[in-house]
Every structure is written in C-alpha cells, then in structure tokens.
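Geometric and topological summary
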Amino acid sequence: MNKIQFHNTLSSQVEEFTPISSNNIKMYVCGITPYDRCHLGHARCYVVFDTIRRYFEYSGYNVEYVQNFTDIDDKIINRSKELNIGYKELAEKFIDDFFENCKKINIKPASEYPRVSQHIPEILATITRLVEKGYAYAVEGDVYYSVKKFEGYGKLSKRNTDDLLVGARIAPGEKKRDPLDFALWKASKPEEPSWDSPWGKGRPGWHIECSAMSLHEIGTETLDIHGGGQDLIFPHHENEIAQSEAATGKPFANYWIHNGFVTINKEKMSKSLGNFFALSDIFAKYAPPVVRLFLISQHYRTPLDFSDNKLEQAKNGWERITRAKEIAENLIPSAPEGGLTQFHKNLADEYVKKFTESMNNDFNTSEALAALHGLVNQLYSFETDRSSDINKSAIKYSLSKLTEICGVLGFILPSRQAANDEIMSLVQQRLDARKNKDFAKADEIRKKIDSLGYVVEDTPSGPRVRQVNVK
Ligand SMILES: [Zn+2]
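Residues numbered from 1 in each chain as written. Predicted model: local features only at pLDDT ≥ 70, side-chain atom pairs only at ≥ 80, totals over all residues. Heavy atoms only, no water.

**What about the sheet that holds strand β8 (residues 202-204)?**
One open sheet holds the 4 strands; their spatial order is β5-β6-β7-β8, and the pairing between them is antiparallel. Edge positions in the open sheet fall to β5 (136-139) and β8, since each of these has one partner strand only. Across the sheet, the mean angle from the axis of one strand to that of its neighbour is 20°, orientation sign disregarded. By the bridge criterion, 3 bridges tie strand β6 (residues 142-145) to strand β7 (residues 182-187) in an arrangement that is antiparallel. Bridge pairing links Y145 to F182 in β7. (Pairing = 2+ DSSP bridges. Helix = DSSP H or I, 4+ residues; strand = E, 2+ residues; numbered from the N terminus. Axes fitted to C-alpha atoms, helices over the stretch in contact; angles between N-to-C directions.)

Below is the structure:
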C-alpha cells in the first residue's frame, strides 16, 4: 500500500497517514449551507476532497465519506424570508443545484449526506450530554458551551483563550456568561422553524451538528480525517473539537485537512464579499473538466487566484489530454502487432510512479498533473516517432495508464464522435477545391466544417478530421 503523507492542521506538520482500522477510512467533510447557488469556492473544496478520496481508494482503502447539509441556520432563515418561501423549500432548491454541479464536475457522491433538520434528536442528545458533564449551561431557552471548561481549546487554530478574549464582546440579546462561549441551542423567535427541547422551543447552533452527525451517522467517536475549507478552522472546527472531545473524552479526529481559498484579484471569494462566481455561470463558458483541471492546478493548501487567463490555460491543457487519447486510438488500428516490451512498459510506468510520488507527498496535484502531461507528451510522440518499434501493445498500455491517472484525478476522457458522411463529403470537396487551386472555395468549405463542430488538419498522409469542444 502507498505510504501517504499529508499536512495535518492539528500538528502543523506533514505526517504519514495511519488509519484507525486497517484499510478503512472514516472521513467527514463539512458541507454547504444551501441558501444560494454553488460558487467556485465550494467547487474547489469539494473537488479537492473528492480527489483526496479517490486517491485513497486508488491506494486500496475503503473510504466512508460523510458530508452534511446545514439546512437550518440564520442565513437560511433570512433568505427564506427574503424570497418568501419555506426554509425547507429553499434548502431543497439549492441542494439540487449542489448535486447538479457535483455531477457535472464529476464529484463522487458521499456515502451519506446528513441534514441538520433530520438529526435534531441526535443533536439534542449530544447537547444533553454536554450539559450533564458540566461543559454547557442553559439560560432562558438558550444553551451555551462553556469554552474555558475545555482545556484544549485553541489547539487546532493555535490560539489561546487569553488572546481570544481581547476584543471579545457579548452581543446585545446574548445571554452567555463569558464572551468566548458559543450557542449550542437557540430559543427560536416566533414564526421561525423550531423544535421541542428540554429547554423549550428552539433550533441548533451552527457547530453542534457536525459533532452530533459524525458521532451518529458514522458511528464513531474518533474520525480518521476531518476536512473543510481553511475558513472553518476557527471557530467552527475548534468548536467541533471542544464539543466532541468534551462529550466523548476521545480525540475527535486524528488528521485535519484544510484547503485554501479561491481568490479573485487576491481577495477571498465568498457570497458575503460580493465577488460571487456561480458555478453554473462558469460552466456556461468552460466545460466542467476544464474547471476541475483549473481547480487542481495548484496545491490544495495554497490560495488559487481566479482569472480567465488561467482557465484558458486549463482549457488548452484539457484539449491536449483528450487529444492524446484520440491520437492513440487513431494509431492503434495501423500499428504493428506485438507484445508489450519491458522498455515500453517502463516508459509509461515511469510517469505513473511520478504521479503516485506526487500524490503521496501531501496530495501535490500540480506535480501529479506534470506527470500526467509527461504521459500525454509520450502519446503525442508515438505519432511522429517512426524510429522505434512502437506496436499496438505499447500504445494500448500507455493509453490505459493515461485513463487510469485521469480517473484518479476525476476526469473521464471523452470519446469523440467519428465524422459522419456529410462531413467526410465536405472534407473531400475541400480537398478537390485545393487540388484545383480554388482556395477561396476550400476555405469556405473549411468554415462550414468548423460550424458543424469539426476541424480539418492537413497532415503528410492526407487530411484528418476530428470533433472539437467535446464536453
Ligand atoms: Zn462542520
């Protein structure tokens, strides 16, 4: 099995991964609050964790991957008032948008998608446990977590409670005893969605859901891996640790992975900052695999700056990758028969080795993509290299490795449609026009072929036609 090392936010170090139970991984990633359309920042987070999950699976692990939906919170309530629709209806609409986009960009479905509104009893049980253990207290229908009672508070975000107290205030209307305390349960206002609890009608605070749902949905007190965006480290993940570890007395997660932001002109992308790029708008301009390629073009922990220029680069990269498959498929029928030589096997294996070494080293997708492009270049060279004995088996083997690496990174290589009779007839007419030196007519026919989604390329062995813009 691959020795996989990655950066653990908890230790601030790159560590070798050891799962709790042989080759099974329990992984929890914080999900979206479905109150608006998914944006590029969401796509980066879930593409990153999908790629990590796929790489674990490729390395022989079984991964139980759970991702929640925060379908009840302030943002949901405010937006549903704004749009004058029920909170459930609102959440449903944007959960559908999320699934639609995930499918397009080829994110594997999670093992489970627990929703807050469907886990109120588990949430209440976890809060009750915290109250009983003295880590939480109720005031007039609210329940707060007493941060100072939990000794390890700040260990993930490397903050201490003294520093946190500087500038901390109790907002008007909050009934907590200490500015650092946070709400586990909030008494609901009239007309807001509410549930019965031992403290009266109310709804959960934001952080408790992940503690309750990982405990009850995955059924474990300690997760192997907990993930999310860097913006969740504090306070969300710090509070999750405080809640879970106070309730169980066990470590909440052995490894914490956080992805960097997507920035636009170096500013963090988010709905609240107004630089909001809805994924569905971007997909109208760039095919989803192009966007996926852009999203993994840099190491997951570094900020990723959005620009049309970078997306154009990704578009060219994707075109080259898909073209390599096409070249191989065109070469195979006429290539000489023969077995796979060790020499040709090694050529492709060398790139697979570079790919796994890069992924084993903190999921370095930018280096992994360099290995993939090495393999792409090799397939291109088969087309022009007439000196060596490249046979069917050699081409097929390299193509299989290309497909394999693409699969791990979440790319499905499209199959281009062969040109139909109409297009082939146009290709012939263009050839005839060129023979007759009627270049204006030849050019006109080429434009017609372009408009049908195909391009003609003139090669020494005659014109070659291929489909473009395959999505
Ligand atoms: Zn969470």
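**Some points on the domain arrangement of the protein**
Annotation of the protein at the domain level lists domain 1 (5-288), domain 2 (307-408) and domain 3 (421-467). For domain 1 versus domain 2, the separation of C-alpha centres amounts to 39 Å. The interface is formed by 12 residues belonging to domain 1 together with 16 residues belonging to domain 2. Summing both sides of the interface, domain 1 and domain 2 together bury roughly 1,300 Å²; the carbon and sulfur share of this comes to 63%. Across the pair K285 and D308 runs a salt bridge whose closest N-O atoms are separated by 3.4 Å. Counting every contact that joins domain 1 to domain 2 gives 10 residue pairs in polar contact (both at pLDDT 80 or more). Counting residues per element, the side of domain 1 that touches domain 2 draws most heavily on helix α1 (residues 40-58), which supplies 6 residues. Looking at the side of domain 1 that touches domain 2, its residues break down into 7 nonpolar, 3 polar and 2 charged. (Domains from an automatic or database assignment. Contact = heavy atoms within 4.5 Å. Buried area = accessible area lost by both parts, 1.4 Å probe. Salt bridge = Lys/Arg side-chain N within 4 Å of Asp/Glu carboxyl O. Polar contact = N/O pair within 3.5 Å; in protein donor to acceptor, adjacent residues only side chain to side chain. Nonpolar A, V, L, I, M, F, W, Y, C, P; charged D, E, K, R; others polar.)

**Observations regarding the packing of aromatic side chains**
Following the criterion strictly, the structure yields 28 aromatic pairs and no others. Ring plane angle 55° and centroid distance 5.1 Å describe the contact between F17 and F56, whose orientation is recorded as tilted. Of this pair, F17 sits in the loop between β2 (13-16) and β3 (24-29) while F56 is found in helix α1, placing the two residues 39 residues apart along the sequence. The residues F17 and F56 share a single accessibility class, namely buried. Taken together, the ring pairs in this structure connect F6, F17, F56, Y61, Y255, Y300 and F363 into an aromatic cluster. When the ring centre of F234 is taken as reference, the NZ or CZ atom of R159 above it lies at 4.1 Å. In this arrangement the basic side chain of R320 is found over the ring face of Y380, its NZ or CZ atom lying 4.0 Å from the centre. (Phe/Tyr/Trp six-rings, centres within 6.5 Å; stacked < 30°, edge-to-face > 60°. Buried < 20%, exposed > 50% of the residue type's maximum accessible area, 1.4 Å probe, protein only. Lys NZ or Arg CZ within 6 Å of the ring centre and 35° of its normal.)

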